[in-house]
Every structure is written in C-alpha cells, then in structure tokens.
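Residue strings, one per chain:
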Amino acid sequence: MQQVFKIPDCIKKDAKFTFCPGCDHGVALRLLGDAIDECGVREDTIAALCVGCSVFLYDFYDIDCLECPHGRATAEATGIKRARPDKFVFTYQGDGDFAAIGFAESIYTATRGEKVTSICINNTTYGMTGGQMGPTTLLGQVTTTTPYGRSAELNGYPMKIAEHIALCDGTAFSARVSLDSVPNIIKAKQAIKKACEVQIQGLGFSFVEILSSCPTNWKMTPQEAHKHVKEKMIPIFPLGVFKDVTKG
Amino acid sequence: MTKTLISGNKAIAQAAFDAGCDCYFSYPITPQTAIGEYLSEIMPKAGRGYVCAESEIASINMVIGAAATGAKAMTSSSSCAISLMQEGLAYAVGDELPLVLISVMRAGPGLGYIYPSQCDYDQAVTGGGNGDYRILVLAPSTVQECVDLTHKAFYLSQKYRNPVIVLSDGLLGQMMEPAEFVKYPYPEIDNSNWALTGAKGRTPRKIRSLEINEEKHNQNIQHLFDKYAQMEKAEVLYEEHNVEDADIILVAFGTMGRNIKAAMNLGRKYGIKIGTFRPVTLFPFPNKRLSELADRTKKFIVAEMNMGQMIKDVQIAINGKAQVKHIGRPAGAWLDETEILDEAKIMLGEEYAASV
Amino acid sequence: MEQSIIIAGFGGQGVLSAGIILANSFMLNDKQVTWYPCYGAEMRGGAVNCEIVVSDTEVTSVHKKETDILIALNDLSFNKFLSKVKSGGIVIANATLIEKKYPREDVKYIFENISDTARELGSIKAANMVSLGILSNICNFTDIKSIKQAIDMVLPQKIRELNYKVLDAGIKLSESCRKE
C-alpha cells in the first residue's frame, strides 16, 4: 500500500497545533518538518527561536531548541554554528522578529554568509501581541497602531525582506513563497527544501520568506484571508527566487 | 616558569585561549580592543570560533548561542557597550548558560571617555538586565590576576551554569607587567546532560527561560537563588593585610586595591595602624569577613574611582558596626597613596595623629 | 625599594618602546615592574608618555603623583613633567630639542644631545636608546646586558644592531654620572 500522508518525524506525534483557525503557521511548520526529515538531519538540528507566534515551534517540534531575545535568533544561530559547524541550524521567525527588531542581526548573518537557514513568516502584522503595525504592514492596512490605515507619510513603506537578503554577497539562496493555494504550497515546500540543502552543502546563508495569513488579526475568515494574500500581498511582495547560487 | 611582560588585555586574551575558550565574539571599543585583536590572530588558526560582530547586541547573543551547545564562549567590551548586552545577560542567566564577559571599564555615563575609571561596579554587580538574578563578578588588580581570574571565570561559569564577569579597567587593560601563563588549573565540567547538540538518540532539549506555569516559574527562580547561596558559601575571595591590629581599614577593589596597599605601607612607616581589605569576588561579596573585621576595627575607608558604588555593599556588610567613609572621583588620575593616607589621618583624628 | 620613571616625548621618538624595553630589562633582573602608557588629552597633539615603576618587592600604586626619574625627549615634555619629579630626582633631557635651563634647584639635570647622537649613528628614531644608555648609568635596577637582551625580545632583528650601537653611545655620553 502506498503511504500518501505521514506526520514528519520532526513534529511530535502527540502535537496538537494551537494556532488560530486559518493561520498558516501550521502549514509552514509541516513543510519545514518534511524538508528537515527528507534531508535526514533531524537528530543534528538545533533551532534558534525568539518571540512571536513562531515560538510555538518549541511545543510541536521534536528537536533541540534555544530561546533567544526578540530579534536575536540569527546572532544566536551564528554562535551555534560557529561552535558546532557540523550541526544543521535554523531560525524560524516572524517578520517583526526577523526584519524589524532583529534586522541588523539578520542582514549581517546574511552578509557574513553564515551557513544557517532562516524561515520568516510574513503576515504583515504582529500576531502574538494582537495585530500591531509591523515592518511589512501594507499601505492602507488597518492595525491596532494604524487605526486609519498605514500611511507612507506617517509610517513609511512595507519592507521587501527577501529582496534585501538577496542583495547580500553572503546569501546563497533567497526566495519568497506563499501558502495561499495548493500550487503555491508545493512551490513553498521546494524552496524550503532547497534552503535546507544549501546550508548542508555549506554554500552560505539561506532564506525563505513565507507570505502567510493571519485571519484573527486581519479580522477575516480563512478563505477571505487567503484571497487577501493573493490579491493584496502578492502584488506588493512578488513571489520568486531572488538569489540561488546553485543556478550560476 | 618564564614570565612575559604583557598588558592586562592581552593577558586576559591569552588566558582565555589557554582555558579552552572555543568561541570569542565581540565588537571593538576602547580600552579593551586589544583583547579582540589578540584573539583574531590565534583563534581562527586554532580552528576556534571568532567573529567581529556587527554590534555588542549581536556579540552577546552569539556567545549565548555557542554556550548553549556546551562550548566555552566569551565576549569582551566596555561600559556603554556592556549596557547593550544587559538583555542578553539576563537571558543567559534565565537560560542557565555559562559564559564569560570581560568588562574593561571606561568613564561614563553615556559615551563617557577612555579615562580609566571604576564607574561600572554597579553595572557589573547589580546589573541592568531584567529579573531577579546575580552574576559572578571577579575583579583583578594585577596582570597576573588577569590571567588567574580569567581561568577561574571559565571554571565558575561552567560549574554554576551562570555568566561570570571579569571586571577590569582601562589602567589594568593597558598596563604591562610580568605574568606567568600557567596551565588551566581547573577540571573540565561535563555538560553532556544539558547542552544542545541535536537530539540524536535522546529526548530533545529546549533551553528557555519562559515558564508559563507560575509555580514552576517560582521554583526556577528559587533554583537560581539556591545556586547563588552556594556561591556565597564556596566562592568568596578577598585579600587582606595587617587587619589584626588595624585602627582603620582601607577597602578597595581592582586596581585601586594596589593604591590602598601603598597608602598602608606609607602609613605604617609613620606608625599609623592601617590595614587593607580587597574583595576579589564582588559577587559573592565578602560580607561575612568584613562584618568580623568591623567587630574590632571601627573605621573604614572605601576608596574607589567612582562617586560611591562599592561603599553600599561595604555598608551592608558592616551593618552599622563601624564608621564607613567613601573617597573617590569619577575618572582619570588614580587616588594617590598620600591622598588616601591624608583621608585616613583625618578620619582617625588629630589626637591619634599626635599620638603616633 | 621602588623607583618610578617617566619617559615622555612625541610620537616617533620611540617613547613607548623604550619604556617596554626598559620594563623587560627590569623583569630580566627579577624585579617587579609595571609599565603603562598615559591616557586622555595627553595623547593628543602627538604627545606620548609612559611610566615605569620598578620594585624589588611589589609594585603597589600606579598613576603616581611623583616620579624619581624623568626622561624628557622634547621641550613640551620637559615643561610638563618637571614638576612631577621628586625633590632630589633626576631629569634626563634631550639637549638637541630642549634649550638648557634649570628652573628647579632641587633636581639633578643631565642634558645630552640625544637626538643628534642617534642621527649621527644612523637613525634619529633611535633617540630613545640613547636615553636608555644614559639611564643605565644611573638606575640600579637595570644594566646594559639586560637592556640588550630586552632589545632582542622587543625589536625586530634588522634594527637590533643599530640599537645596540646607539645604546652604547648613550652610555658613553653620560659616563661621568655613573652610579656607584
């Protein structure tokens, strides 16, 4: 009999995701778990996690994890990798964590070409604290700290994270993917797997930005939220691979 | 064993290397940059971790990452930049991670200047991070002690799974003295029961300070304070001279510990019964010994290159049993032996001075 | 017994390295020694100085108010540090750059053409060694043998010969003030 579904070894067998209904973190964790399993490195993996909904990974993953101050995961991943170059090291962060409070650490980890992987969930808001404006909040988007919608004059513009990371010479792979549809989920899986392989091959820093829905804070149904990703987010944050050193 | 004429900064760097420091991450700041320069030469050659980080926020977090894998990790910095590390230090305490921080004080507050100063006693001993916590603090006064206490810092950090600060200053960092580089004298501590190495053949480990269960949180903090109580029992270090018959005891830490000794030597020449007391561990502080000394001696002078920081700990230790006076200034020319002696004479009074 | 020495001049005169060589020579004679460079505004304008304290028991205080011996390699240092010399102390002054003057009567002056001597022997940069040669005649904690050994420890091979030569010239210059 052909097995068509299996919980990744990375994910605890008794794990029950506690994410809000329609949240894409669960899908992202599933894809990442599959990628790590397929690369055969689960037992050599150390994750660095900070603050935000992303930290629930602690509760669901069967791997070694380190708690880091908000934004500092890539610096701590650097320390882990420099101390143990033989380990597979990744960070799993939100957009605020990776690209606002932690952007200095993130961009320098890419610049140094640290052989670690960062996965960044971009849902255009601070989810855990209840939906404030983040670095990727869209112009016009209403959040608890932009009650009249994000205005460029007052709040500046949404940040294009994957493009910034792709500009760093130390980056080996940088891509933006989305979880709004099955075809995009398949592409997301390929990008995450590629990012893992690039680290294992020792080519440099690898990065995947994942456009994800946050129905609770967006005050939408899951279906509306995915439609919003497709119609509002993807035009601003185009999908694609911005850098891939394996492709010459 | 042969001695080498070497600066305090470089002595610390070499001692850290000899202690088996696996990873060193830092950002340059005067007056401690020589530590990073020295290690940038020898760490990569030895296949050990070295990163000139983009900031002190990054460097302390790199150190935490390395420490979490069981590596011996160190950073070094100074004053305003150590302010940037306070969050990381609090995490390292909460995560129970061993790390060594070399703090070479400059003058503050703010950017301050590179004049030598001892104005970061409070920063090191009471800290600026969040939460109930303590950090072991060792204060060398000679270049040889820079070597010995750096070794000790690595050992104690591993033994207690807690950060340790070696508190030096701009004077000690730059001064050269003959030092002997002895072999690392401490046993290696097994960390295989907690270090993150990948969950091969065992239950995965999560190193984190967050504890949602209130009762468990309180237990965790109590556990930290049990460790601190253990440190107070086992790790207190101090140096004292001529305290047995002293009518006045001069107290100082770090480099100022040398000048009170000079003042004592000078005073004893004139027949003034002066003793000296130098805490080597600033946490745990030698409360018990100071309290004993205050049973007999009723006058204490605390000499510091700051406006009065360690004096608070001395007062707590002495607990009203004796008179305690502070002398100091913020930075620059170290309090001279004649200045210190003059203050001692004033405190002892004219009658005393006339009698000797 | 303790002695403190200040070496002062401007950048390029080898002030710091002379201090380090001297401190090494003390160490070779099994003395306790502390060398330290001076800080702050004193570093500006190319002025450099260092202080060496040597003792046969223990070097206690540092950053001393007074010094036993001053080596002044330029006029600025002479004027600045003369007041720090203890009563009865010694001032070694570079007569090439400092006009002979005797503002204090309670110190002993040794004026010699330090820079000229070094220049004549091959490099004005070696002026610092002339001054150490002079010092070796008056300081009981060191001697010519250990200074030469210290030169080997501190300076690169290719300039050692020149420095020995200049050091010897310094000794000759001041033979008249040799220690007992």
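On a predicted model such as this, the values are computed, not experimentally measured, just so you know.

Parameters and conventions
- Residues numbered from 1 in each chain as written.
- Chains lettered and ligands numbered in written order.
- Predicted model: local features only at pLDDT ≥ 70, side-chain atom pairs only at ≥ 80, totals over all residues.
- Helix = DSSP H or I, 4+ residues; strand = E, 2+ residues; numbered from the N terminus.
- Rg over C-alpha atoms; globule rule 2.2 N^0.38 Å.
- Buried ≥ 20, exposed ≤ 12 C-beta atoms within 10 Å, placed from the backbone.
- Contact = placed C-beta atoms within 7 Å.
- Nonpolar A, V, L, I, M, F, W, Y, C, P; charged D, E, K, R; others polar.
- Pairing = 2+ DSSP bridges.
- Arc of directions from axis to C-beta.
- Domains from an automatic or database assignment.
- Core = buried A, V, L, I, M, F, W, Y, C linked by C-beta atoms within 7 Å.
- Axes fitted to C-alpha atoms, helices over the stretch in contact; angles between N-to-C directions.
- Expected span 1.5 Å × (residues − 1).

### A few points about the overall build of chain B
When helices and strands are tallied, chain B shows 14 helices and 15 strands. Against the globule reference of 21 Å for 356 residues, chain B gives a C-alpha radius of gyration of 21 Å, in line with a compact fold. Taken along the three principal axes of its C-alpha coordinates, chain B extends 75 × 50 × 40 Å. Of all 356 residues assigned to chain B, the portion counted as buried reaches 57%. Pairs at least 24 residues apart make up 79% of the contacts formed inside chain B by residues separated by at least 6 positions.

### Looking at the overall build of chain C
Looking only at helices and strands, chain C features 6 helices and 6 strands. Scanning chain C from its N terminus toward the C terminus, one meets helices and strands in the order β-α-β-β-β-α-β-β-α-α-α-α. Relative to the 2.2 N^0.38 estimate, which gives 16 Å for 180 residues, the radius of gyration of chain C is 15 Å and therefore close to what a compact globule would have. Principal-axis analysis of the C-alpha atoms places the extent of chain C at approximately 40 × 40 × 35 Å. When the 180 residues of chain C are sorted by exposure, 48% land in the buried category. Contacts in chain C between residues far apart in sequence, at least 24 positions, make up 60% of those at least 6 positions apart.

### Thoughts on the interface of chain A and chain B
If you look at the interface, chain A gives 28 residues, while chain B gives 35 residues. Every element with two or more residues in the side of chain A that touches chain B is listed here: strand 1 (45-49), strand 2 (64-67), helix 3 (73-83) and helix 5 (103-111) of chain A. If you tally residues by element for the side of chain A that touches chain B, the top one is helix 3 of chain A, at 8 residues. Across the side of chain A that touches chain B, the residue classes break down as 14 nonpolar, 3 polar and 11 charged. Sheet topology note: the strand 2 of chain A/strand 9 (residues 206-207) of chain B ladder contains 2 bridges and is parallel. Residue pairing for strand 9 of chain B: Leu66(A) is matched across the bridge by Ile207(B).

### Digging into the interface of chain B and chain C
Taken together, the contact pairs 25 residues of chain B with 17 residues of chain C. The dominant element in the side of chain B that touches chain C, judged by the number of residues it contributes, is helix 10 (residues 256-269) of chain B, at 5 residues.

### Brief notes about helix 11 (residues 287-296) of chain B
Residues and elements named next belong to chain B. Of the residues making up helix 11, those classed as buried are Leu-290, Leu-293 and Ala-294. One side of helix 11 carries all its buried residues, which in axial view fall inside an arc of 100°. Tucked inside the fold, the buried residues of helix 11 contact strand 11 (248-251), strand 12 (274-279) and helix 12 (310-318).

### Describing the arrangement of the chains
Among the 2 pairs of chains that make contact, the interface with the largest number of contacts is formed by chains A and B. Of all C-alpha pairs spanning chain A and chain C, none lies closer than 32 Å, and the two are not in contact.

### Description of the domain arrangement of chain B
Residue and element names in this part refer to chain B. Assigned domains of chain B: these are domain 1 (4-234) and domain 2 (240-355). Averaged C-alpha coordinates put domain 1 and domain 2 at centres separated by 29 Å. Listed as interface residues are 24 residues of domain 1 and, on the opposing side, 21 residues of domain 2. Among the secondary structure elements, those contributing two or more residues to the side of domain 1 that touches domain 2 are helix 6 (121-125), strand 6 (136-138), strand 7 (164-169), helix 8 (170-174) and helix 9 (214-234). A per-element tally of the side of domain 1 that touches domain 2 places helix 6 first, with 4 residues. Split by residue class, the side of domain 1 that touches domain 2 holds 17 nonpolar, 3 polar and 4 charged.

### Let's talk about the nonpolar core
With 248 residues, the main nonpolar core has Val137(B) and Leu250(B) as its most contacted residues. Here this core gathers at least three residues from each of two domains, domain 1 (4-234) and domain 2 (240-355) of chain B.

### Notes on the sheet that holds strand 15 (residues 323-328) of chain B
Residues and elements named next belong to chain B. The mixed open sheet is built from 5 strands, whose spatial order is 10-12-11-14-15. With one partner strand each, in any of the chains shown, strand 10 (238-241) and strand 15 form the two edges of the open sheet. Put simply, the sheet's adjacent strands are angled 20° from each other on average, direction ignored. Of the strands in this sheet, strand 10, strand 11, strand 12 and strand 14 (299-304) are in contact with helix 10, which crosses strand 12 at around 170°. In the packing of helix 12 onto the sheet, the strands contacted are strand 11, strand 14 and strand 15, and the crossing angle to strand 14 comes to about 160°.

### Overview of the environment of Ala166(A)
Residues and elements named next belong to chain A. With respect to the helices, strands and loops of the structure, Ala-166 is situated in helix 7 (residues 161-166). Assessed through the 20 C-beta atoms surrounding it within 10 Å, Ala-166 is described here as buried. Excluding residues that lie within four positions of it along the chain, Ala-166 makes contacts with Thr-171, Ser-174, Phe-242 and Lys-243.

### Notes on helix 3 (residues 56-68) of chain B
Taking 1.5 Å of rise per residue, 13 residues should cover 18 Å, and helix 3 of chain B covers 18 Å from first to last C-alpha, within 8% of that figure. Counting buried positions along helix 3 of chain B gives 13 out of 13 residues, so the element sits mostly inside the fold.

### Notes on the environment of Thr143(A)
All names here are of chain A. Checked against the element boundaries, Thr-143 lands in the loop between strand 4 (117-122) and helix 6 (152-155). According to the C-beta neighbour criterion, Thr-143 is buried, with 21 such atoms within 10 Å. Here the alpha-carbon distance between Thr-143 and Thr-109, two residues 34 residues apart in the chain, equals 30 Å. Each residue touching Thr-143, except ones within four places of it in the same chain, is listed here: Thr-125, Gly-131, Gln-132, Met-133 and Thr-137.

### Points about the sheet that holds strand 13 (residues 281-283) of chain B
Residue and element names in this part refer to chain B. In space, the 7 strands of this open sheet follow the order 3-2-4-5-7-6-13, with mixed pairing throughout. Edge positions in the sheet fall to strand 3 (49-52) and strand 13, since each has one partner strand and no second. For this sheet, the mean angle separating the axes of adjacent strands, direction not counted, is 20°. Sheet topology places strand 4 (residues 73-77) next to strand 5 (residues 100-105); 4 bridges connect them, and they run parallel. Within strand 5, the position partnered with Ser-76 by the bridge is Ile-102.

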